[in-house]
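# Geometric and topological summary
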Amino acid sequence: MAMVSLSDPDIILLDEPTAKLDDYNISLTLEAIERVWQNKLVLIVSHDKLLISVPFTELCLEGGKLR
């Protein structure tokens, strides 16, 4: 995530950013994502239900269909 922050892109794609983290580090990671990339389009791919406090749109893949 540090490399992305340095390059300042308009769109950020994060693949499983909280995988294998404990609850404390998950919350730190999500807080950092919300704080650092406030005005960016952030796409997060995750198998986990993430608790994000900023407005977002959630898309789910179920039975081969995007919902």
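Our subject is the structure listed above.
Below: a short report on this structure. If you're wondering where the values come from, they're calculated on a predicted model, not measured in any experiment.

### A short note on the environment of Ser-27
Inspection of the secondary structure assignment puts Ser-27 in helix H2 (residues 23-36). Here the alpha-carbon distance between Ser-27 and Ser-46, two residues 19 residues apart in the chain, equals 15 Å.

### Here we look at the pattern of salt bridges
With the rule as written, the count across this model stands at 4 salt bridges. Of the charged contacts, one joins Lys-40 and Asp-8 as a salt bridge, the two residues approaching to 2.9 Å between their closest N and O atoms. With Lys-40 in the loop between H2 and strand S2 (41-45) and Asp-8 in the loop between helix H1 (2-7) and strand S1 (11-15), this residue pair connects regions lying 32 residues apart in the sequence. For Lys-40, a relative accessible area of 25% corresponds to the partly exposed category. Lys-49 is the partner of Glu-58 in a salt bridge, and the nearest nitrogen-oxygen pair spans 3.1 Å. The class of Lys-49 is exposed, set by a relative accessible area of 64%. Bridged by salt links that share partners, the residues Asp-8, Asp-10 and Lys-40 form one connected network.

### Digging into the layout of surface pockets
Considered as a void within the structure, the largest pocket measures approximately 950 Å³ in volume. Among the elements of the structure, H2 and S2 are those that each provide at least two residues to the lining of the largest pocket. It is S2 that provides the largest number of residues to the lining of the largest pocket, a total of 5 residues. Here the lining of the largest pocket is built from residues that sort into 17 nonpolar, 4 polar and 5 charged.

Reading the values: the criteria
- Residues numbered from 1 in each chain as written.
- Predicted model: local features only at pLDDT ≥ 70, side-chain atom pairs only at ≥ 80, totals over all residues.
- Heavy atoms only, no water.
- Helix = DSSP H or I, 4+ residues; strand = E, 2+ residues; numbered from the N terminus.
- Salt bridge = Lys/Arg side-chain N within 4 Å of Asp/Glu carboxyl O.
- Buried < 20%, exposed > 50% of the residue type's maximum accessible area, 1.4 Å probe, protein only.
- 1 Å grid on protein atoms, 1.4 Å probe; cavity = no way out; pocket = protein on both sides within 12 Å on 5 of 7 lines; lining within 4 Å.
- Points joined across faces, edges and corners; volume = space filled by probe spheres on them.
- Nonpolar A, V, L, I, M, F, W, Y, C, P; charged D, E, K, R; others polar.

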